[in-house]
Amino acid sequence: MAGFQSLPGFRDFYPEDFSRRQHIFRVWRQTASAFSFQEYDAPVLEPLELYKTKSGDEIEAQLFSFTDKGGREVSLRPEMTPTVCRMVGAKAGALKRPIKWFSIAEFYRYERAQKGRLRAFSQFNADIFGEPGPEAEIELIALLIQCLAGFGLTKDDFTIRLSDRDLWFFYLEALGFNDAQSRALLTAIDRYEKAGDDAFKVYTEAHGALDAGLKEKVLAFLKIKSLGELEAALAPFKSEKLAARLADWRKVLAGVSAMGLGDFIAVDLSVVRGLAYYTGFVFEAFDRKGDLRALAGGGRYNDLVKKLGGPDLPAVGFAIGDVTTGLLIEQRGLAPAQANAPEVYVVIGGAPERAAAFADIQALRAAGVRVEYPFKELAFGKQFKAASESGAKLALIYGGDELAKGVVKIRDLADRSEREVPRNHIVASVRTELAGG
RNA sequence: GCGGUCAUAGCUCAGUUGGUUAGAGCACAAGAUUGUGAUUCUUGGGGUCGCGGGUUCGAAUCCCGUUGACCGCCCCA
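Predicted model, so just to flag it, every value in this text is computed and none were measured.

1. A short note on the overall build of chain A
Assigned secondary structure in chain A consists of 16 helices and 16 strands. Along the longest, intermediate and shortest principal axes, the C-alpha atoms of chain A span 95 × 55 × 45 Å. A separation of at least 24 residues holds for 68% of the contacts in chain A among residues at least 6 apart in sequence. Carbon and sulfur atoms make up 52% of the accessible area of chain A, which totals about 21500 Å². Of the side-chain charges in chain A, 58 are positive and 59 negative, and the distance between the mean point of each set is 2 Å.

Okay, structure coming up:
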């Protein structure tokens, strides 16, 4: 056993693990491109103050933060949102709207590792800046769905729960709660699913007993699971704010349905995300079977760019983690097999044939074909075994008989058929064969 | 930060009330097999039993500490 281990919550990516993660990244990147999002990246190390400004001083306990040799207080990035807000904020005037950006990056949090939660993990982040209307939510929710459906996951595997922090605030205001009371109630609502009635303790300790009738209304609102129920619940109120929120809800749900993704989305007002910086719609993606933690989460954060020193710029965004996504893909048997297997395995008769084989191997590789061959001289039987185990589709046979005739034998390793092709056409012949011939 | 379970080969694990040189399957490597692959057989490499200390004539086994993994709580950007 080696004297050193990786740090807790950090992972080594052996080739098999790496290719699993690459598959996840590939799907995310292709999907984001299809939605016409632009990729960016940023520093792994940022000023500690950036995260304290966004999340408060308490966040430091959960950061990989330290003082650098120049005396600067710094932190490994725990998330992308503050960074991307800074980047967009700095050049907001020069960027074409809508600003649709994504990134795939590794993040670091000083927390106790658990299933689906590590200290170093990767996330796909997608954000839209400069669009105040629900069109941005439609675009992002569709992207989120496709980022999971792209693995072969279906509406039976995951669901998007949609909620709305502003709607909650306006509703609680209409019921007569003040701002501080509403905030305490949202905390209770966030924990209600897990803690039940105990969730209201924080509220009652700070603001006194909660009127039974009002509590019932809050709980009824929390249990709303459809647009129809929401409309009915809001009907008695004559609030313009509530009417405007309802109009946005109709647009989002209609837009997502028109894309054929309506089955993936569920109205669920019990999701409020405990994060104070969200200002409107919030949404989370969950494993349907419920034995994994959240797959993805996001929402609208219209005040954050300004808070971090930029212009007043509306924004919506979400993030998906690689850890939980990987677990779900694994559980559903959707992991790809041998993603980077060679396409061609070259079987070489002996030393005299090696030079000819090398010339063609290099020509094929330069043409982009994935080619493998044995380093040492081996019996034909062993080479065919190795070819088969490599996962290659084709074997090219460079034997004395073939080279004397100026040909190469191509063997299809799946159906075991063979044919001879002229050596000077080898690249074109292999391409045709790989294309399905 | 708190509580629980666990740690033996690359992987999955066995290992008696403490007793000689710590085992199996899989995986890996070589040979049987000098022009055709999934079988079979033979052989081989690989472990200071997570690490440190203690008890004992003797520790993988018992005790203490420590590190790590997993599960739950807190938190979850």
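2. Examining the sheet that holds strand β3 (residues 65-67)
The strand order β2-β4-β3 describes an open sheet built from three strands, whose pairing is antiparallel. Each edge of the sheet is formed by a strand with only one pairing partner; in this case those strands are β2 (45-47) and β3. Within the sheet, the average angular offset between the axes of one strand and its neighbour, ignoring direction, is 35°. Relative to strand β4 (residues 73-76), β2 runs antiparallel, the two being bridged by three bridges. Its bridge partner lying in β4, L45 is registered against L76.

3. Structural notes on the protein's contact with RNA strand B
Close contacts around RNA strand B come from 38 residues, with E79, K115, R117, L275 and E402 the closest. Each atom of RNA strand B within 4 Å of the protein belongs either to a base or to sugar and phosphate, the latter forming 45%. Elements supplying a minimum of two residues to the surface near RNA strand B: α6 (179-195), α14 (380-390), α15 (400-405) and β15 (407-412). Tallying contributions element by element places α14 first for the surface near RNA strand B, with six residues. Across the surface near RNA strand B, the residue classes break down as eleven nonpolar, eight polar and 19 charged.

4. Quick word on the side chain of D164
Tracing the backbone shows D164 in strand β7 (residues 158-164). For D164, the side chain forms a polar contact with the main-chain nitrogen of D166, separated by 3.0 Å. Within the structure, the side chain of D164 is placed 2.9 Å from the side chain of W249, a separation counted as a polar contact. Setting aside residues up to four positions removed in sequence, D164 forms contacts with R245, W249, L269, G280, F281 and V282.

5. With respect to the nonpolar core
In this structure, F124 and W168 are the most contacted members of the largest nonpolar core, which totals 74 residues. The greatest single-element share of this core, amounting to ten residues, is contributed by helix α4 (residues 135-149). Among all residues touching F124, those that are not within four sequence positions of it are W28, A32, F102, S103, I104, L143, C147, F318, A319 and I320. Membership of the second largest hydrophobic core comes to 28 residues, among which are L63, V88, V271 and V282.

6. Some words on the domain arrangement of chain A
Looking at chain A, the domain boundaries give domain 1 (15-331) and domain 2 (344-434). Averaged C-alpha coordinates put domain 1 and domain 2 at centres separated by 52 Å.

7. Notes on the packing of α4 against helix α10 (residues 240-258)
Taken N-terminus to C-terminus, the directions of α4 and α10 make an angle of 40°; their axes are 9 Å apart at the nearest point. Relative to α10, the element α4 is oriented oblique. Crossing angle aside, the handedness with which α4 passes α10 is right-handed. Across the interface between the two elements, E135, E137, I138, I141 and I145 of α4 pack against K251, V252, G255 and V256 of α10. Partitioned by chemical class, the residues of the contact of α4 with α10 number five nonpolar, one polar and three charged.

8. Overview of the pairing of β15
Among the six residues of β15, five are classified as buried, and the element is accordingly described as predominantly covered. Direction of pairing for strand β14 (residues 394-398) relative to β15: antiparallel, over a ladder of four bridges. The residue bridging I397 from the neighbouring strand is K409, located in β15. Where β15 folds back on strand β16 (residues 418-422), the antiparallel hairpin that results is connected by five residues, among which R416 adopts a positive phi of roughly 65°.

9. Topic: the sheet that holds strand β9 (residues 281-287)
The sheet built from eight strands is open, its strands ordered β1-β5-β6-β11-β10-β9-β7-β8 with mixed pairing. Each edge of the sheet is formed by a strand with only one pairing partner; in this case those strands are β1 (38-39) and β8 (265-267). In terms of strand pairing, β9 meets strand β10 (residues 296-300) through four bridges, oriented antiparallel. By the bridge assignment, A285 is partnered in β10 with A296. Relative to the sheet, α10 contacts β7, β8 and β9, its axis offset from that of β7 by approximately 160°.

10. Here we look at the confidence of the model for chain A
The predicted model of chain A has a mean per-residue pLDDT of 91, with 97% of residues at 70 or higher. Mean pLDDT across the secondary structure elements of chain A bottoms out at helix α7 (residues 201-207), with 83, and peaks at β1, with 98. For this predicted complex, the interface score ipTM comes out at 0.82, alongside a pTM of 0.91.

11. Looking at the pattern of salt bridges
In the structure shown here, the tally under the stated rule is 31 salt bridges. In this structure, D164 engages R245 in a salt bridge whose closest nitrogen and oxygen atoms are separated by 2.7 Å. Within this pair, whereas D164 is found in strand β7, its partner R245 is found in helix α10, the two being separated by 81 residues in sequence. Among the residues examined, D164 registers a relative accessible area of 0% and is labelled buried. Note on R245: relative accessible area 10%, which makes it buried. The partner of K405 in a salt bridge is E420, with the nearest N and O atoms 3.1 Å apart. Of this pair, K405 sits in helix α15 while E420 sits in strand β16, and the two are 15 residues apart along the sequence. Classification of K405 as exposed rests on a relative accessible area of 56%. Among the charged side chains, a network of salt bridges with common partners joins E16, D17, R20 and E330.

Procedures and definitions
In every chain, residue numbers begin from 1 and rise along the written sequence. Chains carry letters from A onward and ligands carry numbers from 1 onward, assigned in written order. A pLDDT threshold of at least 70 governs which residues receive local features in this predicted model, and a stricter bar of 80 or more applies before side-chain atom pairs are shown or counted, although totals over entire chains, interfaces and linings include all residues. No hydrogens and no water enter the side-chain calculation; it runs on all heavy atoms of the structure. Helix and strand assignments come from DSSP, with helices taken as H or I runs of at least 4 residues and strands as E runs of at least 2, each series counted from the N terminus. Contacts were defined at the residue level, with two residues in contact if any of their heavy atoms lie within 4.5 Å. All accessible areas in this document rest on Shrake-Rupley with a 1.4 Å probe, and a residue is counted as covered only by the protein chains that are shown. Positive charge is attributed to Lys and Arg, negative charge to Asp and Glu, and no charge count is given to His or to the chain ends. Charged side chains are reduced to one point each, which is NZ for Lys, CZ for Arg, CG for Asp and CD for Glu. When DSSP locates at least two bridges between a pair of strands, those strands are taken to pair. Axis definition: a line fitted to C-alpha atoms, limited for helices to the stretch in contact. Angles are taken between N-to-C directions and run from 0 to 180 degrees. Consider each residue's heavy atoms; a residue with any of them within 4 Å of a molecule or strand counts as near. Following the grouping adopted for this structure description, the nonpolar residues are Ala, Val, Leu, Ile, Met, Phe, Trp, Tyr, Cys and Pro, the charged ones are Asp, Glu, Lys and Arg, and the polar ones are all others, Gly among them. Pairs of N or O atoms are called polar contacts if they sit within 3.5 Å, as long as, within protein, a hydrogen donor faces a hydrogen acceptor (for residues adjacent in sequence, only side-chain-to-side-chain pairs). Definition of nonpolar core: a set of buried residues of the types Ala, Val, Leu, Ile, Met, Phe, Trp, Tyr and Cys, connected through side-chain atoms within 4.5 Å. Partly exposed describes any residue whose relative accessible area lies between the buried limit of under 20% and the exposed limit of over 50%, with all areas from a 1.4 Å probe on protein chains only and scaled to the type maximum. Residue ranges for the domains originate in an automatic or database domain assignment. Between 65 and 115 degrees an angle is taken as roughly perpendicular, under 35 as roughly parallel, over 145 as roughly antiparallel, and anywhere else as oblique. The handedness criterion is simple: a crossing whose near helix is rotated anticlockwise from the far helix by less than a right angle is left-handed, and one whose near helix is rotated clockwise is right-handed. Residue-level confidence of the predictor is summarised by pLDDT, bounded by 0 at the bottom and 100 at the top. By definition here, a salt bridge exists when the distance from a side-chain nitrogen of Lys or Arg to a carboxyl oxygen of Asp or Glu is within 4 Å.

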